[in-house]
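# Structural overview for review
Single-letter residue listing:
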Amino acid sequence: MTFPKIIYLFDLVGTAAFAASGAIAGVRKKMDIYGIIFLGVVTAVGGGTLRDIIVGRIPPFIFKDYNYLIISIAVSVLTFYFHHIIERRFKFLLIMDALGLGIFTVIGTSIGLEYNIGIVGSVFLGVMTGTFGGMIRDVLQHEIPLVLQKEIYASACLVGGFFFVIAMRMGVSEGISVFVSVMIVFSIRLLAILKNWNLPRPK
Amino acid sequence: MTFPKIIYLFDLVGTAAFAASGAIAGVRKKMDIYGIIFLGVVTAVGGGTLRDIIVGRIPPFIFKDYNYLIISIAVSVLTFYFHHIIERRFKFLLIMDALGLGIFTVIGTSIGLEYNIGIVGSVFLGVMTGTFGGMIRDVLQHEIPLVLQKEIYASACLVGGFFFVIAMRMGVSEGISVFVSVMIVFSIRLLAILKNWNLPRPK
Amino acid sequence: MTFPKIIYLFDLVGTAAFAASGAIAGVRKKMDIYGIIFLGVVTAVGGGTLRDIIVGRIPPFIFKDYNYLIISIAVSVLTFYFHHIIERRFKFLLIMDALGLGIFTVIGTSIGLEYNIGIVGSVFLGVMTGTFGGMIRDVLQHEIPLVLQKEIYASACLVGGFFFVIAMRMGVSEGISVFVSVMIVFSIRLLAILKNWNLPRPK
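Procedures and definitions
- Throughout this document, residue positions are counted from 1 along each chain, in the order its sequence is written.
- Numbering of ligands from 1 and lettering of chains from A proceed in the order in which they are written.
- Given that the model is predicted, a residue must reach a pLDDT of at least 70 before its local features are reported, and side-chain atom pairs must reach 80 or more before they are shown or counted; all residues, however, enter totals for whole chains, interfaces and linings.
- With hydrogens and water stripped out, all remaining heavy atoms of the structure feed into the side-chain values.
- UniProt positions are given in the numbering used here, feature names are shortened, and annotations may be inferred rather than shown by experiment.
- Grouping buried Ala, Val, Leu, Ile, Met, Phe, Trp, Tyr and Cys residues that are joined through side-chain atoms within 4.5 Å yields what is termed a nonpolar core.
- For the exposure calls, accessible area comes from a 1.4 Å probe over protein chains only, and a residue counts as buried if that area is under 20% of its type's maximum, exposed if over 50%, partly exposed in between.
- Note on definitions: a residue-residue contact is assigned when non-hydrogen atoms from the two residues lie within 4.5 Å.
- Only DSSP runs of H or I reaching four residues or more are called helices, and only runs of E reaching two or more are called strands; each is numbered from the N terminus.
- Our superposition of the copies is a least-squares fit, built on the C-alpha atoms of residues whose pLDDT is at least 70 in both.
- Two aromatic rings from Phe, Tyr or Trp, using only the six-membered ring of Trp, form a pair when their centres are within 6.5 Å; if the ring planes differ by under 30 degrees the pair is stacked, by over 60 it is edge-to-face, and anything between is tilted.
- Here, a charge over a ring is recorded when the distance from Lys NZ or Arg CZ to the ring centre is within 6 Å and its angle to the ring normal is within 35 degrees.
- Axes, fitted as lines to C-alpha atoms, cover a helix only where it is in contact. Angles between the N-to-C directions of the axes lie from 0 to 180 degrees.
- By definition in this entry, angles of less than 35 degrees are roughly parallel, angles greater than 145 are roughly antiparallel, angles of 65 to 115 are roughly perpendicular, and the rest are oblique.
- Rotating anticlockwise by less than a right angle from the far helix to the near helix defines a left-handed crossing, while the corresponding clockwise rotation defines a right-handed one.
- Residues are grouped as follows: nonpolar covers Ala, Val, Leu, Ile, Met, Phe, Trp, Tyr, Cys and Pro; charged covers Asp, Glu, Lys and Arg; every other residue, Gly included, is treated as polar.
- One number per residue, pLDDT, summarises how confident the predictor is, and it ranges from 0 to 100.
- Here the quantity called buried area is the accessible surface, traced with a 1.4 Å probe, that two parts lose on coming together, added over both.
- By definition, a salt bridge exists where a carboxyl oxygen of Asp or Glu is found within 4 Å of a side-chain nitrogen of Lys or Arg.
- Whenever a nitrogen or oxygen atom comes within 3.5 Å of another N or O atom, the pair is scored as a polar contact, on the condition that within protein one atom can donate a hydrogen and the other can accept it, and that pairs from neighbouring residues in sequence are kept only if both atoms are in side chains.

The name recorded for chain A in an unreviewed UniProt entry is Trimeric intracellular cation channel family protein, from Deferribacter autotrophicus. The record in UniProt for chain A states the following under Sequence similarities (unreviewed entry): "Belongs to the UPF0126 family."

As structure tokens, this is what we get:
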């Protein structure tokens, strides 16, 4: 399997994990099956869709490759029927979610570089790709977005995104830059969960 | 009256009905007149505006034909002053809303076909046109969007949207495709209200 | 200092004031430092970013001139550490916020004219630039947007925006049009606070 194919595969795995987190939120809020599918889809593809709109990548990726929509819908339907089973695999889901966060961040950041919006803009685009889907999920399920309140989530994307742009600017090969950046986001996120890390809050 | 003119007329009627539903939500939440007009406008034109942004139809339709904005604002102002009367016409409003839902869905789906975003993407665009305005209304009035929770609403758009793309692909004339698709959305929505149909919810 | 430079300076001052209002909201909701910075940034640049997306001014201004992002982030970080001091300067903040509201409105309206979306559309764009950042802030902090509920806020933008387009159409010089329009928004907003003015609410 070539490197781009591996990235693509991991991207779909991340999409599935994000869709499951959205669909589970819908189940908990006792939404109907449409609401659950919608929340799954928006969590999985919302960040990337907003990213594409903001840089003028029109139509957004969801309309160019239907695999993202198909996987999001399929996972959401499965979650609707088997949410008890899926929720028991909570740890597995967290690991897949962290992997997705890493992949989404690096893809978003690399699209930013491609569209020449500068280092800060590119990292911002990476953070957006990784976190905006979950923010829309939380707004729609009537919660203050988790990412704004606690845990290490967006900040893991920030570190990984900055590492990626710096590595690319320094001429590191794309394969290595992608791999290490994804691992950085993934490891920070999982370590933060394990060690119960949080960002500082106001006094 | 030619067929496109009838569609346009029904589109404006749907816009008025959606604006009324938004403005009534604002009245119930005791917003001020600006809030009520804003909620009316965003409910009426929010879905179509997001649809236009997502396919790159810039500037969005609201800036090309002011009738949509004018009607939304006028209906919202009327609702502000005469909400007691309008709320007593609740059944009439529901019928007009169902008609608007049908028209919005078919217009959105047909724009999707025009912009070549495929069958699934086009139907998605139709659902978006029909339902996103109401979702923004509900988020702004601090409720979980109704469309995610109960009743048959987005699913009526899905059926009508799919019928429309299939009819068009099979070479059925545009007039008949539009008419039947609108009637499908309209009938499913009204039947669902009458019969108190709901989509399944998680167990 | 030339006139465009003064405008630019006031635009940055308004950005700082808006960022402070967003960051303070985050502090009150006990968000973490990322949430506080995010709320500050989105309040300060959210309206202008949506404006740019809606007229196809891609990439949005935040990616073309980093000063807006830098100032928003810096002010948010300062608010995180020194929110007690900043909140005590509440009156000063209100005045800066009113100044920002005026500048944002006029810039948004003038971009509308530049992109030929008509008088009503341009004023709408001005109101959007002035108010949508605060609306996103309120949705994210789980409140019904203040601008929809009470006080004179968006309506000050409406008056100032309409004055600006009419002055420009009548051939008044840009400098005078900008200055007077900003002063109109600024004065209405501050007078409304002083005199406790509100828009009518439904009976």
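From this point, the narrative continues.
### Here we look at the nonpolar core
Leu 148 of chain A, Leu 148 of chain B together with Leu 148 of chain C are the most contacted members of the largest nonpolar core, which totals 200 residues. If we skip the residues at most four places from it in the chain, Leu 148 of chain A touches Met 135 of chain A together with Met 31, Asp 32, Tyr 34, Gly 35, Phe 38, Leu 39 and Leu 140 of chain C.

### Quick look at the side chain of Thr 49 of chain A
For Thr 49 of chain A, the position within the fold is in helix H2 (residues 33-55). Every residue in contact with Thr 49 of chain A, bar those within four places of it in the chain, is listed here: Pro 60, Phe 61 and Ile 62 of chain A together with Ile 54 of chain B.

### Points about the relation of the copies chain C and chain B
Once chain C is rotated about the relating axis by 120° and shifted along it by 0.0 Å, it coincides with chain B to within an RMSD of 0.0 Å. The relationship between the two copies is best expressed as a three-fold rotation axis. In this assembly the copies use different faces: only 10% of the residues contributing to the interface of chain C also contribute to that of chain B.

### A few points about the packing of aromatic side chains
Going through the model one piece at a time under the given rule, you end up with 24 aromatic pairs over all chains. Ring centres of Tyr 81 of chain C and Phe 82 of chain C lie 6.5 Å apart, and the angle between their planes is 55°; this geometry places the pair in the tilted category. Tyr 81 of chain C sits in the exposed class, given a relative accessible area of 52%. Residue classification places Phe 82 of chain C among the partly exposed residues on the basis of a relative accessible area of 43%. Aromatic ring contacts, followed pair by pair, group Tyr 8, Phe 61 and Tyr 68 of chain A into a single cluster. In this arrangement the basic side chain of Arg 51 of chain A is found over the ring face of Phe 61 of chain A, its NZ or CZ atom lying 5.4 Å from the centre.

### Re the packing of helix H1 (residues 3-28) of chain B against helix H4 (residues 90-114) of chain B
Residues and elements named next belong to chain B. In the contact formed by H1 and H4, the axes pass within 8 Å of each other and the chain directions differ by 125°. Taken together, H1 and H4 sit at an angle that is classed as oblique. In this structure, H1 crosses over H4, and the sense of that crossing is left-handed. From H1, Ile 7, Phe 10, Asp 11, Val 13, Gly 14, Thr 15, Ala 17, Phe 18, Ala 20, Ser 21 and Ile 24 reach across to H4, where they touch Leu 93, Met 96, Asp 97, Leu 99, Gly 100, Leu 101, Ile 103, Phe 104 and Ile 107. Of the residues that constitute the contact of H1 with H4, the class distribution is 14 nonpolar, four polar and two charged.

### Some words on the confidence of the model for chain A
Averaged over all residues, the pLDDT of chain A is 94; the fraction at 70 or higher stands at 100%. Within chain A, no element has a lower average pLDDT than helix H1 (residues 3-28) of chain A, which sits at 93, and none a higher one than H2 of chain A, at 97.

### Things to note about the relation of the copies chain B and chain A
What relates the pair of chain copies is a rotation about an axis plus a shift along that axis. Superposition record for chain B on chain A: RMSD 0.0 Å, screw rotation 120°, translation along axis 0.0 Å. Residue by residue, only 10% of the interface of chain B is reproduced at the interface of chain A, so the copies engage with different surfaces.

### A closer look at the environment of Gly 56 of chain C
Residues and elements named next belong to chain C. Mapping Gly 56 onto the fold places it in the loop between helix H2 (33-55) and helix H3 (67-88). You can call Gly 56 partly exposed: its relative accessible area is 34%. Considered as a pair, Gly 56 and Val 178 are 122 residues apart in the sequence and their alpha carbons are 23 Å apart.

### Remarks on the interface of chain C and chain B
At the junction of the two partners, chain C supplies 31 residues and chain B supplies 26 residues. For the chain C face of the interface with chain B, the top three residues by lost area are Ile 54, Leu 148 and Pro 202 of chain C, together amounting to 27%. Joining chain C to chain B, the criterion identifies zero salt bridges. One can count nine residue pairs in polar contact (both at pLDDT 80 or more) joining chain C with chain B. Elements with a contribution of two residues or more to the side of chain C that touches chain B: H2 and helix H5 (118-140) of chain C. The greatest single-element share of the side of chain C that touches chain B, amounting to eleven residues, is contributed by H5 of chain C. By residue class, the composition of the side of chain C that touches chain B is 20 nonpolar, six polar and five charged.

### Quick word on the interface of chain B and chain A
Listed per partner, the contact involves 31 residues of chain B and 26 residues of chain A. Three residues, Ile 54, Leu 148 and Pro 202 of chain B, lead the burial of chain B against chain A; their summed loss comes to 27% of the area buried on that side. Viewed at the interface, chain A and chain B are joined by zero salt bridges. Our enumeration of links across chain B and chain A arrives at ten residue pairs in polar contact (both at pLDDT 80 or more). Mapped by element, the contributors of at least two residues to the side of chain B that touches chain A are helix H2 (33-55) and helix H5 (118-140) of chain B. If one sorts the elements of the side of chain B that touches chain A by residue count, H5 of chain B sits on top with eleven residues. Classifying every residue of the side of chain B that touches chain A gives 20 nonpolar, six polar and five charged.

### Section: the packing of H4 of chain B against H5 of chain B
All names here are of chain B. Remark: H4 packs on H5, axes separated minimally by 7 Å, with the N-to-C direction vectors making an angle of 145°. The two elements H4 and H5 meet at a crossing, and its hand is right-handed. Between H4 and H5, the contacting residues are Leu 101, Phe 104, Thr 105, Gly 108, Thr 109, Ile 111, Gly 112 and Leu 113 on the first element and Ser 122, Val 123, Leu 125, Gly 126, Thr 129 and Gly 130 on the second. Tallied by class, the residues present in the contact of H4 with H5 amount to six nonpolar, eight polar and no charged.

### What about the UniProt feature "transmembrane region" (unreviewed entry) in chain A?
Residues and elements named next belong to chain A. UniProt's entry tags residues 6-26, 33-54, 66-85, 92-113, 119-140, 152-170 and 176-194 with the feature "transmembrane region" (unreviewed entry), counted in the numbering of this structure. Here residues 33-54 runs as 100% helix and 0% strand, with 30 Å between its end C-alpha atoms. What you have in residues 119-140 is 100% helix and 0% strand, and the ends, taken at the C-alpha atoms, are 31 Å apart.

### Notes on the UniProt feature "domain: Glycine transporter" (unreviewed entry) in chain A
Residues and elements named next belong to chain A. UniProt's feature table lists "domain: Glycine transporter" (unreviewed entry) at residues 9-84 and 95-167, given in the numbering used throughout. Its end C-alpha atoms 26 Å apart, residues 9-84 is made of 80% helix and 0% strand. Secondary structure within residues 95-167 divides into 78% helix and 0% strand; the distance between the first and last C-alpha atoms comes to 25 Å.

### What to know about the side chain of Ser 21 of chain C
Residues and elements named next belong to chain C. Mapping Ser 21 onto the fold places it in helix H1 (residues 3-28). The class for Ser 21 is buried, based on a relative accessible area of 19%. For Ser 21, the side chain forms a polar contact with the side chain of Arg 137, separated by 2.9 Å. Ignoring anything within four residues of it in the chain, the contact list for Ser 21 reads Thr 43 and Arg 137.

### Description of the pattern of salt bridges
For side chains of opposite charge, pairing can occur when their charged atoms come near one another. Under the defined criterion, the tally for this structure stands at 18 salt bridges over all chains. With a shortest N-O distance of 2.9 Å, Asp 138 of chain B and Arg 137 of chain B are connected by a salt bridge. Each of Arg 51, Asp 52 and Arg 57 of chain A takes part in a single network of salt bridges with overlapping partners.

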